[in-house]
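Understanding the architecture of this molecule
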Amino acid sequence: MADSSILIIYNARLVDSCIDSPGILIIKGGKICGIYLGECKSTKKALLYSSAFLAECPEDTNPDFYDAKGLTLMPGFIDMHVHFRYPGQTQKEDLDSGLHAAVAGGYTTVVLMPNTTPVISDSNAAQKVMDEANSKNLARVFQTVSITKNFEGNDTSELDSIQAKEIPVITEDGHDVLSAAVMLEAMKKAGEKGIIVSCHCEDPALAQAARPYRQRALSFMKQYGIPAGKIHIKTPDVPAAVNFEIDGNLTRANSLLALAEDTATIRNIEIAKTAGCHVHICHCSTKASMDAVRRAKNEIAFGNTSEGFDCTVEVTPHHLGLVGTDAPNIRALVNPPLRSEDDRRAIIEALRDGTVDTIATDHAPHTQDDKAAGSPGFSGIETAFAVCNTVLVKKEGFSLRQLSHLMSENAAKMLRVKAGRLAIDYNADLVLVNPDEEWIVNSENFASKGKSTPLEGKKLCGKVHATFFGGKQVF
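We now turn to the structure provided with this report.

How each quantity is defined
Residues numbered from 1 in each chain as written. Predicted model: local features only at pLDDT ≥ 70, side-chain atom pairs only at ≥ 80, totals over all residues. Heavy atoms only, no water. Phe/Tyr/Trp six-rings, centres within 6.5 Å; stacked < 30°, edge-to-face > 60°. Helix = DSSP H or I, 4+ residues; strand = E, 2+ residues; numbered from the N terminus. Buried < 20%, exposed > 50% of the residue type's maximum accessible area, 1.4 Å probe, protein only.

This next bit is on the packing of aromatic side chains. Taken as a whole and assessed by the stated rule, the structure comprises five aromatic pairs. Measuring from ring centre to ring centre gives 6.3 Å for Tyr10 and Phe65, while their planes differ by 75°; the resulting arrangement is edge-to-face. One end of the pair, Tyr10, is in strand S1 (residues 6-15); the other, Phe65, is in strand S4 (residues 64-67), and 55 residues separate them in sequence. Between Tyr66 and Phe468 the ring centres are 5.2 Å apart and the planes differ by 85°, which places this aromatic pair in the edge-to-face class.

Here it is in structure tokens:
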């Protein structure tokens with residue numbers, strides 16, 4: 001039976017990529033069916049402004065009213081890159097904790113990576129995860145499938161049976177496909193079906209060369225009681241020579257990992273051109289890689305590429321907000337690593353000039369034991385809006401409209417979801433925020449099981465107050 005309930009959200013500031021105005025939103029059956037732009041601070045006025053719409057409804061219709069109290073109502077955020085660790089790694093995260101973390105962060109659509117146990121390598125396994133996740137009615141979930149079977153790097157046969165409508169994205173996230181020939185084969189299959197190939201751009205041999213330096217740094221950190229997952233904790237009585245060794249080894253590792261990213265980014269773009277497919281560059285973090293993406297986009301704009309080729313790119317809140325060349329941030333292990341200030345500035349300028357398509361969290365929860373052993377990544381889905389709002393809107397002069405474009409609209413278009421806008425007949429996936437509210441990050445309050453974040457104790461600006469999925473409040 002179709003949901004015929006009506007919700008009227010009033011006394012709100014409505015913001016998407018095209019709107020920034022006081023107003024009300026009328027929701028029926030999970031869809032936006034009415035918008036009024038203008039001051040409306042009372043239920044009485046909201047009822048008056050909604051009267052034309054309500055006149056077309058059955059006489060016994062009793063709408064529900066939600067007073068936004070002057071807060072900002074935006075399209076729910078859409079994340080192209082998250083790790084919920086399901087199945088098989090539920091000590092780190094599971095569907096319940098991951099989805100509750102998502103809606104606490106204002107996210108209503110998430111794309112799950114396949115580096116689980118076992119690896120999600122076929123459409124049946126992906127559909128099983130999506131069915132279970134979507135039955136919870138908290139957020140819309142897409143499960144990606146690995147580019148090669150079980151991440152083994154040679155067998156792309158499982159791609160023959162997947163369709164873009166159900167599985168719009170494939171990825172080998174966590175590492176890259178070693179063989180260029182295998183990647184070309186996979187990209188050709190994806191191109192024929194209109195499937196996005198999301199690339200964790202990292203040359204495997206160079207990544208392996210960086211590993212001993214990280215391990216040496218971690219051994220010193222363990223010896224002197226420096227917690228790898230809690231870099232904000234000050235550890236007394238560490239000799240200067242030891243700190244020098246830790247940070248020096250991590251600097252050498254990060255230099256190799258920058259080269260690994262840059263060479264793989266260029267390679268994957270070139271292969272995608274030949275294959276005629278849509279390549280999506282994950283968590284781009286260096287100026288050189290961003291320049292490669294910009295060149296590809298310019299070629300597309302001028303029609304100088306093969307039919308079917310497209311190139312999009314995501315950046316993360318942590319790469320646009322943090323610098324990783326010195327302690328303590330250099331010790332916040334993540335792939336790709338936190339970069340230099342020059343790289344961070346290049347990311348921000350790419351966001352400003354439209355090169356970057358979307359902001360994705362790469363939410364990667366781990367246990368503290370995992371972090372101590374060197375597992376890269378941290379929890380970020382509950383802090384993402386605040387980081388982006390603090391850095392881009394409050395410091396860099398971006399508008400909330402621009403931020404909505406980057407956190408909602410563009411990703412919706414890529415996934416072919418009718419969301420990401422405050423517009424008639426769009427899904428009523430919404431987030432209510434106070435962009436001016438300051439708060440202190442305390443990971444113990446995270447819904448996520450992962451409590452490791454380089455933002456621990458930091459003051460951020462921008463707070464999520466409520467999240468709606470299909471017109472129903474889920475946070």
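Now for unusual backbone geometry. Note on backbone geometry: most residues besides glycine have negative phi, and most peptide bonds are trans. Backbone torsion omega between Ala327 and Pro328 reads 0°, so that peptide bond is classified as cis. Secondary-structure assignment places Pro328 in the loop between helix H9 (317-321) and helix H10 (341-353). A cis amide bond, omega -5°, links Asn335 with the succeeding residue Pro336. Summarising the element assignment, Pro336 is placed in the loop between H9 and H10. Its identity is not glycine, yet Asn137 carries a phi of approximately 55°, on the positive side. Exposure remark for Asn137: the relative accessible area of 53% places this residue in the exposed category. Of note in the backbone geometry, Arg416 takes a positive phi value of approximately 60° without being a glycine. Within the fold, Arg416 resides in the loop between helix H13 (400-415) and strand S14 (430-440). The class of Arg416 is exposed, set by a relative accessible area of 55%.

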